[in-house]
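Breakdown of the fold
What follows is the residue order along each chain.
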Amino acid sequence: MVKPFMPELVYVEPRAMEYPLGKKLIDRFQDMDIEIRETTSHNQVRNLPGDNHFQKYRMAKSTLVVGLRKTLKFDTSKPSAEYAIPLATGCMGHCHYCYLQTTMGSKPYIRTYVNVEEVLEQAEEYMAERAPEITRFEASCTSDIVGIDHLTHSLKYAIEYFGESEYGKLRFVTKFAHVDHLLDAKHNGKTRFRFSINDDYVIKYFEPGTSKLDERLEAARKIAEADYPLGFIVAPIYLHDGWREGYAEMFEKLDNQIPEFARKDLTFEFIQHRFTQPAKRTIEQNYPMTKLELDETKRKKKFGKYGISKFVYKDEEQEEMKNKMHEYLQRHFPTAKFEYFT
């Protein structure tokens, strides 16, 4: 089982120590003899240990920066939420295909923001603007927030905050099974807890540093028993030898773990594997031995709404992929809500 994340190196913005969470984290890391360095800003972390890019990148993935979120920009282009809520940035997982490879660029270290109350005050303003409509907030646009929450409890705080709110809902997705501290949170059904799942081949070869499928499914069962609304993102759906059997087995395992009462409000999202040319360059630099298939000639070029091109599967492959996923979904979870395939 993947152990809960513990940083090898910590950076702290001096002002973060003025917040109770900042002081608590730094005191804890000092007691554990973890090296702590000062930085003027969570965006300005330099001189990470390592003799080359490969070493520095891996060190960054083990580095936690304790800072403040200064610009509370909550825009999101996700179809499933009105706003992104920034509690953290970065991830300790080593998923080869991850879009954070390019969006994080030269800053793959993990950042946690200790001014959680200020972030939530801004969220309150957004909710007030849209009331009486419900405003949904996505907490995992730039991080796997569950991966560090056993240290910070920022997510737990946010879950209970939205649990008390009249017009707000929270959602996030994770590949980590470290959920025990979230089971007693007073969520009042206002937080949808989603797990990113995949077949064993994809998890084995492309998702190192994350919880195994069986661990995620066991965590999902615990979350269902804690009465959270539950969802699953099957992503990225990746065509490999034996993919039909692999995903069929994944759905069977899922069917065996999810209790009947949790199926009355269950959601599924399907996302095919895609990549951009900048992402390909970064992936090949960070994971030079990857088995990930990144051949543009085998893909179809698709332009997003911002004019950025990405490479997706060809139409006939997408069609079979979509049909297979719907077949498995109907077989095992006929009453679940299917949100989208992209």
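Our structure is the block above this text.
Residues numbered from 1 in each chain as written. Predicted model: local features only at pLDDT ≥ 70, side-chain atom pairs only at ≥ 80, totals over all residues. Heavy atoms only, no water.

1. With respect to the packing of aromatic side chains
- This structure, assessed with the given rule, holds 19 aromatic pairs.
- Judged by centre distance (5.7 Å) and plane angle (85°), the ring pair of Tyr-57 and Tyr-287 falls under edge-to-face. Here Tyr-287 lies in the loop between α10 (277-286) and β12 (300-303) and Tyr-57 lies in helix α2 (residues 53-60), a separation of 230 residues in the sequence.
- Look at Tyr-287 and you get buried, because its relative accessible area is 5%.
- Between Phe-251 and Phe-268 the ring centres are 6.0 Å apart and the planes differ by 25°, which places this aromatic pair in the stacked class. In this pair, Phe-251 is assigned in helix α9 (residues 243-257) and Phe-268 in strand β11 (residues 266-272), connecting sequence segments 17 residues apart. Across the pair, exposure class does not vary: Phe-251 and Phe-268 are buried alike.
- Through a chain of ring-to-ring contacts, the aromatic side chains of Phe-172, Phe-193, Phe-195, Tyr-228, Phe-232, Phe-251, Phe-268, Phe-270, Tyr-328, Phe-333 and Phe-338 assemble into a single cluster.
- Across the ring face of Tyr-313, the terminal group of Arg-299 is positioned such that the distance to the ring centre comes to 3.9 Å. (Phe/Tyr/Trp six-rings, centres within 6.5 Å; stacked < 30°, edge-to-face > 60°. Helix = DSSP H or I, 4+ residues; strand = E, 2+ residues; numbered from the N terminus. Buried < 20%, exposed > 50% of the residue type's maximum accessible area, 1.4 Å probe, protein only. Lys NZ or Arg CZ within 6 Å of the ring centre and 35° of its normal.)

2. Quick word on the sheet that holds strand β9 (residues 191-197)
- Pairing is parallel across the open sheet formed by seven strands, whose spatial order is β4-β7-β8-β9-β10-β11-β14. This sheet does not close on itself; its edge strands, each paired only once, are β4 (83-84) and β14 (337-341).
- Here five bridges tie β9 to strand β10 (residues 230-237), and the two strands are oriented parallel to one another. Bridging from a neighbouring strand, Phe-193 pairs with Leu-230 of β10.
- Lying on the sheet, helix α8 (residues 213-225) is in contact with β9 and β10; it crosses β9 at an angle near 165°. (Pairing = 2+ DSSP bridges. Contact = heavy atoms within 4.5 Å. Axes fitted to C-alpha atoms, helices over the stretch in contact; angles between N-to-C directions.)

3. Some remarks on the environment of Ser-165
- Its place among the elements puts Ser-165 in the loop between α6 (154-164) and β8 (168-174).
- Sequence spacing of Ser-165 and Asn-188 is 23 residues, and the spatial spacing of their C-alpha atoms is 9.7 Å.
- Polar side-chain contacts of Ser-165 include one of 3.2 Å to the backbone nitrogen of Gly-168. (Polar contact = N/O pair within 3.5 Å; in protein donor to acceptor, adjacent residues only side chain to side chain.)

4. Observations regarding the pairing of strand β1 (residues 9-12)
- Neither face of β1 is left uncovered, since the one carrying Leu-9 and Tyr-11 and the one carrying Val-10 and Val-12 both have all their residues buried.
- As a crossover connection, the stretch from β1 through helix α1 (residues 20-31) into strand β2 (residues 35-38) is right-handed.
- With four bridges joining them, β1 and strand β3 (residues 63-67) adopt parallel strand pairing. Bridge pairing in β3 places Tyr-11 opposite Val-65. (Right-handed = clockwise from strand over helix to strand, strands pointing away.)

5. A short note on unusual backbone geometry
- With an omega of 5°, the peptide bond between Ala-131 and Pro-132 qualifies as cis.
- Note on placement: Pro-132 falls in the loop between α4 (116-130) and β7 (135-138).
- Between Ala-235 and the following residue, Pro-236, the backbone shows a cis peptide bond with an omega angle of -10°.
- One can find Pro-236 in strand β10.
- Phi at Asn-188 is positive, roughly 50°, even though this residue is not glycine.
- Assignment of secondary structure puts Asn-188 in the loop between β8 and β9.

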